[in-house]
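Listed below are the residues making up each chain.
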Amino acid sequence: MFKNLKSDLPASLVVFFVALPLCLGIALASGAPLFSGVIAGIIGGIVVGGLSGSSIGVSGPAAGLAVIVFAAIANLGFENFLLAVVIGGVLQILLGILRAGVIGYYFPSSVIKGMLAGIGIIIFIKQIPLVLGYDSKSLSIEGLGKIFDLITPSVVLISILSLGILLLWDKVLIHKHDIFKIIPGPLVAVVVGVVYFILTQSVPGFQISENQLVSVPVAEDFNSFMGQFSFPNFSAISNPDVWVTGFTIAIVASLETLLCVEATDKLDPEKRVTPTNRELLAQGTGNVLSGFIGGLPITQVIVRSSTNLHAGGKTKLSPILHGFLILISVILIPVFLNMIPIAVLASILLIVGYKLAKPSVFKQMLTLGSSQFIPFIITVLGVVFADLLIGIGLGLAVGIITILINSYKNSHFLHIEKSTNGGQIVKMTLAEEISFLNKGAILNELNKLPEKTLLELDIRNTIKLNYDILEILDDFVHTSKQKNIGVKLITTQGIVFNPNSFSKLLLSESKEKAV
């Protein structure tokens with residue numbers, strides 16, 4: 001692991017500079033103590049980074065869970081919420097033991113993109129009060145109407161500066177020189193925010209008040225530092241809401257991690273494959289420990305993982321070192337952290353929220369057609385106006401219905417081969433796999449055939465034919481004689497005219513034709 005120290009050490013510094021403001025910002029968006037985001041960043045780097053089989057993946061508090069965390073803390077209280085995090089971690093360990101690492105493959109990408117877009121919209125909306133200097137405790141969407149009566153000009157100014165730096169860095173400077181790739185824009189925005197606070201402390205009209213600054217407890221010694229940690233309320237173990245939250249954290253955190261793993265492995269130039277079951281075990285262990293000492297839930301995060309990769313990280317040493325750097329910073333420079341305006345972190349999260357739900361995502365899904373766009377937009381609306389699980393459930397249900405409709409439509413291809421005064425020839429070609437879901441569509445086509453028709457039924461490409469369909473065809477054989485309809489059955493074994501029984505014929509030819 002130490003053979004690539006020359007690459008991993010500078011990469012860990014870059015990841016640290018990106019991760020620290022995000023740890024604080026995500027804790028802010030989650031309505032949690034800011035120190036809880038720092039704890040999750042430390043454990044995500046040191047513990048999860050050490051246990052994971054991923055070479056370049058970086059774990060920590062994730063924006064995708066901020067909405068769940070915010071609602072859970074408001075409903076349960078912080079100590080009860082920490083118990084839910086521990087339960088979620090235990091469930092993740094169980095998923096890893098049960099080898100459920102493939103769970104991410106069973107969610108349609110349209111639903112996942114809808115989930116992320118919905119989360120992005122919520123994160124974006126919740127930062128608006130903060131970048132305008134509104135009371136940081138009043139984050140409800142209903143309160144947006146009063147914001148403009150309570151704007152703080154100095155906060156708006158630092159928000160504009162921060163957003164300008166972030167956009168300039170991301171859109172222009174990063175393409176100009178490699179130095180701008182090494183020094184991340186969020187770090188520059190944080191430094192500028194601290195400098196602004198120091199220079200304007202005594203300038204009337206430009207000051208940033210204390211309640212608009214980051215508030216990380218400053219420890220006088222090691223014992224007081226340890227006293228900053230919170231612990232779960234295990235007496236709430238029988239509370240069903242705690243278990244529901246724990247289950248939600250386990251599922252969403254696992255899903256987000258597995259999707260990030262898949263994306264990160266595709267970016268890895270060495271094409272290394274992360275063992276997903278081991279990743280679930282690592283994430284679960286990290287969440288148990290994080291919840292036990294007062295931290296936020298942890299997932300592998302694509303922003304930090306891709307930053308690590310682009311900064312030259314080669315092995316898991318880089319994520320581990322970045323965790324130690326976060327730990328050292330909160331021990332040695334907490335006073336510096338408390339000079340960071342909250343508006344700077346909110347500006348960073350505005351960009352994060354926008355990237356998750358930018359218009360190009362909606363445009364891309366729309367161009368992919370209704371089968372992708374409808375589950376996507378239903379998921380977005382469910383997440384924004386209900387909650388995450390309802391949004392995912394609705395999107396998944398719509399996705400399944402879309403599949404069923406497409407299966408209903410694509411069971412067969414039918415067209416008129418020849419039409420004469422005496423009748424017509426109709427050719428029906430069945431698909432590779434026909435299930436009971438196609439029963440209605442095929443029956444409808446057969447019932448519409450007029451008298452004096454010759455039906456050419458081609459099943460040469462059909463591999464699996466459900467028994468319900470065979471019964472329909474058998475019934476059609478008997479009724480077709482009354483309507484003077486002839487049947488020409490085309491199989492891989494040859495052609496049969498007016499068979500007495502489809503089921504007996506096909507079962508005798510090939511057992512694979514019936515399921």
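That block above? That's the structure.
Residues numbered from 1 in each chain as written. Predicted model: local features only at pLDDT ≥ 70, side-chain atom pairs only at ≥ 80, totals over all residues. Heavy atoms only, no water.

Chemist: Can you lay out the pairing of strand β4 (residues 424-430) for me, pointing to particular residues and giving the numbers?
Modeler: When you tally the buried positions in β4, you get 5 out of 7 residues, the bulk of the element. Here 6 bridges tie β4 to strand β6 (residues 453-458), and the two strands are oriented parallel to one another. Looking at the pairing, V426 lines up with L455 of β6. (Buried < 20%, exposed > 50% of the residue type's maximum accessible area, 1.4 Å probe, protein only. Helix = DSSP H or I, 4+ residues; strand = E, 2+ residues; numbered from the N terminus. Pairing = 2+ DSSP bridges.)

Chemist: For the nonpolar core, give the residues involved together with the corresponding values.
Modeler: Core analysis: the largest hydrophobic core is formed by 90 residues, its most contacted members being F35, F81, L296, I326, I340 and L388. The leading source of residues in this core is helix α1 (residues 5-29), at 11 residues. Excluding anything up to four places from it in sequence, F35 contacts V216, P217, F225, Q228, F229 and V330. Counting 21 residues, the second largest nonpolar core, distinct from the first, contains L455, I459, L470 and I472. (Core = buried A, V, L, I, M, F, W, Y, C linked by side-chain atoms within 4.5 Å. Contact = heavy atoms within 4.5 Å.)

Chemist: How would you sum up the packing of aromatic side chains? Please name residues and give values.
Modeler: Remark: the centre distance and the inter-plane angle together describe each pair of aromatic rings, the angle taken between the planes. Using the criterion set out here, one finds 6 aromatic pairs in the structure. With a centroid separation of 6.3 Å and 75° between ring planes, the pair formed by F231 and F292 is classed as edge-to-face. Of this pair, F231 sits in the loop between α9 (222-226) and α10 (240-267) while F292 sits in helix α11 (residues 276-292), and the two are 61 residues apart along the sequence. What links up through ring pairs into an aromatic cluster is the set F231, F234 and F292. (Phe/Tyr/Trp six-rings, centres within 6.5 Å; stacked < 30°, edge-to-face > 60°.)

Chemist: Could you give an account of the pairing of strand β9 (residues 494-497), with specific residues and numbers?
Modeler: Note: strand β8 (residues 486-491) against β9, 4 bridges, orientation antiparallel. Note on β9: the bridge partner recorded for T491 is G494. Between the end of β8 and the start of β9, which pair antiparallel, lie 2 residues.

Chemist: Before we move on, can you summarise the layout of surface pockets with the specific residues and values?
Modeler: Considering only enclosed or pocket space, the second largest pocket measures out at about 430 Å³ in volume. Mapped onto the lining of the second largest pocket, the elements with two or more residues apiece are α3 (66-76), α5 (109-131), α10, α17 (370-385) and α18 (388-409). When residues in the lining of the second largest pocket are grouped by element, the largest group, 6 residues, is from α3. Grouping the amino acids of the lining of the second largest pocket by side-chain chemistry returns 14 nonpolar, 3 polar and 3 charged. (1 Å grid on protein atoms, 1.4 Å probe; cavity = no way out; pocket = protein on both sides within 12 Å on 5 of 7 lines; lining within 4 Å. Points joined across faces, edges and corners; volume = space filled by probe spheres on them. Nonpolar A, V, L, I, M, F, W, Y, C, P; charged D, E, K, R; others polar.)

Chemist: With reference to specific residues and values, describe the packing of α1 against helix α15 (residues 342-356).
Modeler: One way to put it is that α1 packs onto α15 with a least axis distance of 9 Å and a crossing angle of 90°. The pairing of α1 with α15 is recorded here as roughly perpendicular in orientation. Between α1 and α15, the contacting residues are P21, L22, L24, G25, I26, L28 and A29 on the first element and I342, L345, I348, L349 and V352 on the second. (Axes fitted to C-alpha atoms, helices over the stretch in contact; angles between N-to-C directions. Parallel < 35°, antiparallel > 145°, perpendicular 65-115°, else oblique.)

Chemist: Tell me about helix α8 (residues 185-199), and please be specific about residues and values.
Modeler: Helix length check: α8, at 15 residues, gives a terminal C-alpha distance of 21 Å against a target of 21 Å (1.5 Å per residue), a fit within 8%. All of the buried residues along α8 are G185, P186, L187, V188, A189, V190, G193, V194, Y196 and F197. Where α8 is buried, its residues contact α1, α6 (153-171), α14 (334-337) and α15. (Expected span 1.5 Å × (residues − 1).)

Chemist: Give a description of the pattern of salt bridges that names residues and reports values.
Modeler: In this structure the tally under the stated criterion is 5 salt bridges. A salt bridge links K355 to D170, with the nearest nitrogen and oxygen atoms 3.6 Å apart. Of this pair, K355 sits in helix α15 while D170 sits in helix α6; the two residues are 185 residues apart in sequence, bridging distant segments of the chain. A relative accessible area of 44% places K355 in the partly exposed class. In this structure D170 comes out as partly exposed when scored by relative accessible area, which is 28%. When the shortest N-O distance is used, the salt bridge between E456 and K488 registers 3.6 Å. (Salt bridge = Lys/Arg side-chain N within 4 Å of Asp/Glu carboxyl O.)

Chemist: I'd like to hear about the environment of G41, residue by residue, with values.
Modeler: Within the secondary structure layout, G41 lies in helix α2 (residues 34-51). Considering only alpha carbons, one finds G41 and L327, 286 residues apart in sequence, at a separation of 8.6 Å.

Chemist: Can you break down the environment of V90 residue by residue, with the values?
Modeler: Along the polypeptide, V90 turns up in helix α4 (residues 78-97). Accessibility expressed as a relative area gives 46% for V90, which makes it partly exposed. When the C-alpha positions of V90 and G284 are compared, they lie 5.9 Å apart, and in sequence the two are 194 residues distant.

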